[in-house]
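Chain by chain, the residues run as shown.
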Amino acid sequence: MENENLIDGTNSKSPSFGGVGESPYIDLYKSHHESIKKHSTVVMNHIRDDAFALFEELHFPTVALENYKYTDLKAALSIDYGLNINRIPIPVNPYEVFTCDVPGIQSYLYFVVNDAFYPVNDARNKTLPKGVIIGSLNQIAENHPELVKQYFGKLSTTKKDGLIAFNGAFAQDGFFMFVPKNVVLDKPVQLVNIMRSDVDSMANSHNLIIFEEGAKAQLLVCDHTVDDVRFLSNRVTEVFVGENATYEHYKLENTHTKTTNLSTLLIDQQRSSTVLANIITLHNGQTRNTIEIDIDGENCETNLCGMVIADKNQQVDNFTSIIHNKPNCHSTELFKYVLDDMSKGGFTGKLYVAKNAQKTAAFQTNRNILLSKTAKMRTKPQLEIYADDVKCSHGATIGSLDETAKFYMQSRGISEKEARLLLMFAFTNDVIENIRIEALKDRIKILVEKRLRGELSKCEGCVICQ
Amino acid sequence: MLQIKNLHANINGKEILKGLDLTVRPGEIHAIMGPNGAGKSTLASVLTGNQAFEVTKGEVTFYGKNLLELSPENRSHEGIFLSFQYPVEIPGVSMVNFMRSALNEHRKYKNLEPLSATDFLRTMREKKELVEMDNKLANRSVNEGFSGGEKKRNEIFQMAMLDPRLSILDETDSGLDIDALRIVANGVNKLKRPDNASIVITHYQRLLDYIVPDFVHVLYNGRIVKSGGKELAYELEERGYDWIKKEVEEAP
Ligand SMILES: Nc1ncnc2c1ncn2[C@@H]1O[C@H](COP(=O)(O)OP(=O)(O)O)[C@@H](O)[C@H]1O
Ligand SMILES: [Mg+2]
């Protein structure tokens, strides 16, 4: 059943036969790659056929793959999603629909609606420092082809990963951010990914973030679903952090239970750079975050952390990899999960220390609390250390709430329910403390508390932009 | 106020309390002494509702209410307070949040409005002074990284905040140097009123120089085997517990 008009009013294409894995998408690419390319840009098209060929070889990942054993995409991929290959504008104005109200957060605000960058018209964004470029990857690749070509795909095309390959074949646009040498942004940049559609739909977008030497900025990414249909997003973000640059990446997911959120974050660090990435899943359907940080210069600082609160049938798998290629770098990793009901969590912490990466200090921690007997957590540290003069440690625990602490609180008159809540909140506290945007930190504290109280049981919209 | 009759309690199927009787009236201070492992902390745990212990027999009433039916938090609301032998560290829960939650739940139980932020902070300040508690401690997580003495002081601080009718001090003196002991005892004495009472568990007579008991009981093998006035404490200090054990064993 060929469905030419799947997305209401957008004349979009759908994979021809209701999704059973890759074959409809392979057919779709073969029959429509001309239009995919026509509505994208030379730089992106340059890798497209190769990415498709790789996808044809790898297919979508299954649990049979070691790196995907905690993410089962079978159910999510059995759905017939529409793709907006012909770039029909989605009838929504995010600037009108979403008013940002983190008290005190002053951000440069941008939107990607489904898979397309939404044209900017926010006056606040006109105050960006000179030389900073933020906008549609598609468009900026047309205006600054040399700049984009130098970086685009450099991290993603080396990966043998079906989702990344799929993204390379189908993504036509995304968010682009360039911060030139020694420029420091005074406010965080905020990117809101909005899923808006009347029918089940899929979005592939590719983000490219470039920090030159000494640049410094914070990016806050919010994932947000609007309509009560099934969404699958498959986003790839490449980040290049130059010498002495500082990049902070905050990701906040608050999507509804019908969402499948596949997200790949690839970061490359040059000498003496600092990266903080904090990946928070407050509410979702099924989520797979792949986060790979390559440390390619000496004296780097890397802090990767995240937390998950899940209940019902929610699933979250964080696959993380930190690769120390150079000596004298320091990385810490901390992930915490609170799982209730039938929810499922997965965590992989891959840590690779190359032979010449002496004096590496790398510490990894994953702590998990199961609130019900039916919740499941699977965790896997994966250390490969080839240097001999290093300090590395890892620890993973799966437990329940501390009964002794709970009793101590109850003995002071705190109800059991409140005591549990305070303990859960305390458990996530050190991840929240790793947020260096004060307004965001305060807001997230409130949201986490709401979430733990069960008052955020459905998506309230992007938690930042209610 | 408190009446314990023929109390039996188990942990992991092992009987620890074996028919304990005790009556406490307002205004009284009772000292409970006894060798290690006698069941003193077990008694404190049972009175505060620790689920790890199972009461198999006997009854406990507090102002006429069946205490054993109440949840730990309701026992606290009714006015029972335990200064733990081993106070618990709770990383990530600030002292301020902890005390605010506790105090407000006490107020809710009495149908009172939550305290305003200023009133709460004022109360915190006053009570901190009572036990000469460092301001910094109040800004930290509950007991996290506190020294032994600081933890004990924190217990008395919490006691002052919650203003209990019956306080149970479980070895609050152990691990304290003389200065800290004086401060802790001072705090307890200042909180003493004709309408409240204390059970002071200790196995040294030392503390009783500062907190003078009206009654001294010896707990041995799960029961109170001897009771007397404060002079009994001196006798125990001098003669140890062996003569008591012997007395018990020789009794018919
Ligand atoms: N959690 C526990 N599990 C098993 N036995 C316990 C536990 N707690 C206490 N006991 C036992 O109960 C007895 C009384 O302990 P306790 O009440 O702590 O004594 P005291 O405070 O008088 O020194 C001891 O024999 C001790 O080993
Ligand atoms: Mg004891």
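### Examining the overall build of chain A
Okay, step 1: A tally of helices and strands in chain A yields 10 helices and 19 strands.
Okay, step 2: The globule rule puts the C-alpha radius of gyration for 466 residues at 23 Å, and the 21 Å found for chain A is close to it.
Okay, step 3: Referenced to the eigenvectors of the C-alpha coordinate spread, the extents of chain A come out at roughly 65 × 50 × 45 Å.
Okay, step 4: For chain A, the proportion of its 466 residues judged to be buried stands at 64%.
Okay, step 5: Accessible surface, chain A: about 17100 Å² in total, of which carbon and sulfur atoms supply 49%.
Okay, step 6: Distance between charge centroids for chain A: 3 Å, based on 50 positive and 58 negative side chains.

### A word on unusual backbone geometry
Okay, step 1: The backbone of Tyr-63 of chain B sits at a positive phi, close to 50 degrees, despite the residue not being glycine.
Okay, step 2: The exposure class of Tyr-63 of chain B is partly exposed, given its relative accessible area of 36%.

### What about the nonpolar core?
Okay, step 1: In this structure, Leu-2 and Ile-199 of chain B are the most contacted members of the largest nonpolar core, which totals 124 residues.
Okay, step 2: With 10 residues, helix 9 (residues 416-432) of chain A is the single largest residue contributor to this core.
Okay, step 3: When residues no more than four places from it in sequence are discounted, the contact partners of Ile-199 of chain B are Leu-2, Leu-22, Val-24, His-30, Ile-32, Leu-47, Leu-166, Ser-167, Ile-168 and Leu-169 of chain B.
Okay, step 4: Counting 50 residues, the second largest nonpolar core, distinct from the first, contains Tyr-110, Val-112, Leu-191 and Phe-347 of chain A.

### Quick look at the coordination of the magnesium ion (ligand 2)
All names here are of chain B.
Okay, step 1: Looking at the metal site, the magnesium ion (ligand 2) is ligated by Ser-41 (OG) and Gln-85 (OE1), spaced 2.1 to 2.2 Å from it. Taken together, the residues Ser-41 in helix 1 (residues 40-48) and Gln-85 in the loop between strand 6 (80-83) and strand 7 (90-94) connect sequence positions 44 residues apart.
Okay, step 2: Overall, Ser-41 belongs to the partly exposed group, its relative accessible area being 27%.

### Some words on the pairing of strand 8 (residues 231-241) of chain A
Residues and elements named next belong to chain A.
Okay, step 1: Among the 11 residues of strand 8, 11 are classified as buried, and the element is accordingly described as predominantly covered.
Okay, step 2: Residues Phe-231, Ser-233, Arg-235, Thr-237, Val-239 and Val-241 point to one face of strand 8 and Leu-232, Asn-234, Val-236, Glu-238 and Phe-240 to the other, with burial holding for every one of them.
Okay, step 3: Inspection of the sheet shows strand 6 (residues 201-211) paired to strand 8 by 11 bridges, in the parallel sense. Its bridge partner being in strand 8, Ser-201 is matched across the sheet by Phe-231.
Okay, step 4: As paired elements, strand 8 and strand 10 (residues 259-269) share 11 bridges and run parallel to each other. Pairing of Asn-234 across the sheet is with Leu-262, part of strand 10.

### So, helix 10 (residues 438-452) of chain A
All names here are of chain A.
Okay, step 1: In this model, helix 10 (15 residues) spans 21 Å end to end at C-alpha, consistent with the 21 Å of a helix rising 1.5 Å per residue.
Okay, step 2: Every buried residue belonging to helix 10 is among Ala-439, Leu-440, Lys-441, Arg-443, Ile-444, Leu-447, Val-448, Arg-451 and Leu-452, and all of these are buried.
Okay, step 3: Considering only its buried residues, helix 10 is in contact with strand 7 (216-225), strand 9 (246-254), strand 11 (274-283), strand 13 (301-310), strand 15 (330-339) and helix 9.
Okay, step 4: In the stretch just after helix 10, Gly-454 is the one whose phi turns positive, near 80 degrees.

### Regarding the interface of chain B and chain A
Okay, step 1: Contacts between the two partners involve 27 residues from chain B, matched on the other side by 17 residues from chain A.
Okay, step 2: Where chain B abuts chain A, roughly 1800 Å² becomes buried across the two surfaces, and 65% of that area is made up of carbon and sulfur atoms.
Okay, step 3: Applying the counting rule to chain B against chain A returns 1 salt bridge.
Okay, step 4: Across the pair Arg-412 of chain A and Glu-155 of chain B runs a salt bridge whose closest N-O atoms are separated by 2.7 Å.
Okay, step 5: The tally of links between chain B and chain A comes to 13 residue pairs in polar contact (both at pLDDT 80 or more).
Okay, step 6: Listed by contribution, the elements that provide at least two residues to the side of chain B that touches chain A are helix 2 (72-78), strand 6, strand 7, helix 3 (95-109) and helix 6 (148-162) of chain B.

### Considerations on the packing of aromatic side chains
Residues and elements named next belong to chain A.
Okay, step 1: Scanning all chains against the criterion turns up 19 aromatic pairs over all chains.
Okay, step 2: For the pair Phe-55 and Phe-60, a centre-to-centre distance of 4.9 Å together with 70 degrees between the ring planes defines the contact as edge-to-face. Pair check on accessibility: Phe-55 and Phe-60 agree, each one buried.
Okay, step 3: Both rings, one in Phe-55 and one in Phe-166, keep their centres 5.0 Å apart while their planes meet at 70 degrees; by these two values the pair is edge-to-face.

### Some points on the site of ligand 1
Residue and element names in this part refer to chain B.
Okay, step 1: Around ligand 1, the structure places Ile-11, Asn-12, Lys-14, Ile-16, Pro-35, Asn-36, Gly-37, Ala-38, Gly-39, Lys-40, Ser-41 and Thr-42.
Okay, step 2: At 3.4 Å from an oxygen atom of ligand 1 is found a side-chain nitrogen or oxygen belonging to Lys-14.
Okay, step 3: Protein chains shield 63% of the accessible area of ligand 1, which is 560 Å² for the free molecule.
Okay, step 4: For the shell around ligand 1, the secondary structure elements donating two or more residues are strand 2 (14-24) and helix 1.
Okay, step 5: The element that contributes the greatest number of residues to the shell around ligand 1 is helix 1, accounting for 3 residues.
Okay, step 6: Residues that form the shell around ligand 1 fall into these classes: 4 nonpolar, 6 polar and 2 charged.

### Observations concerning the pattern of salt bridges
Okay, step 1: Considering all chains together, one arrives at 38 salt bridges over all chains under this definition.
Okay, step 2: One salt-bridge network, held together by shared partners, links Glu-433, Glu-438, Lys-441 and Lys-445 of chain A.

### Regarding the sheet that holds strand 7 of chain A
All names here are of chain A.
Okay, step 1: With mixed pairing, the 10 strands of this open sheet are ordered in space as 2-1-5-7-9-11-13-15-17-19. Strands with a single pairing partner mark the edges of an open sheet, and in this sheet they are strand 2 (116-117) and strand 19 (391-399).
Okay, step 2: In the sheet, strand 1 (residues 108-113) pairs with strand 2 via 2 bridges, with the strands oriented antiparallel. Along strand 2, the bridge assignment pairs Val-113 with Ala-116.

### Quick word on the packing of helix 9 of chain A against helix 10 of chain A
Residues and elements named next belong to chain A.
Okay, step 1: Between helix 9 and helix 10, the least distance of the axes is 10 Å, while the angle of their chain directions is 145 degrees. Crossing geometry of helix 9 relative to helix 10 is assigned as right-handed. Every residue of helix 10 that contacts helix 9 at Leu-421, Met-424, Phe-425, Thr-428, Asn-429 and Ile-432 is listed here: Lys-441, Ile-444, Lys-445, Val-448, Glu-449 and Leu-452.
Okay, step 2: Partitioning the contact of helix 9 with helix 10 into residue classes produces 7 nonpolar, 2 polar and 3 charged.

Cut-offs and rules
Residues numbered from 1 in each chain as written. Chains lettered and ligands numbered in written order. Predicted model: local features only at pLDDT ≥ 70, side-chain atom pairs only at ≥ 80, totals over all residues. Heavy atoms only, no water. Helix = DSSP H or I, 4+ residues; strand = E, 2+ residues; numbered from the N terminus. Rg over C-alpha atoms; globule rule 2.2 N^0.38 Å. Buried < 20%, exposed > 50% of the residue type's maximum accessible area, 1.4 Å probe, protein only. Areas by Shrake-Rupley, 256 points an atom, 1.4 Å probe, with all protein chains shown as cover. Lys, Arg positive; Asp, Glu negative; His and termini not counted. Charge placed at Lys NZ, Arg CZ, Asp CG, Glu CD. Core = buried A, V, L, I, M, F, W, Y, C linked by side-chain atoms within 4.5 Å. Contact = heavy atoms within 4.5 Å. Donors = N, O, S within 2.8 Å, 3.2 Å for Na, K, Ca; no water. Pairing = 2+ DSSP bridges. Expected span 1.5 Å × (residues − 1). Buried area = accessible area lost by both parts, 1.4 Å probe. Salt bridge = Lys/Arg side-chain N within 4 Å of Asp/Glu carboxyl O. Polar contact = N/O pair within 3.5 Å; in protein donor to acceptor, adjacent residues only side chain to side chain. Phe/Tyr/Trp six-rings, centres within 6.5 Å; stacked < 30°, edge-to-face > 60°. Near = heavy atom within 4 Å. Nonpolar A, V, L, I, M, F, W, Y, C, P; charged D, E, K, R; others polar. Axes fitted to C-alpha atoms, helices over the stretch in contact; angles between N-to-C directions. Left-handed = near helix turned anticlockwise from the far one by under 90°.

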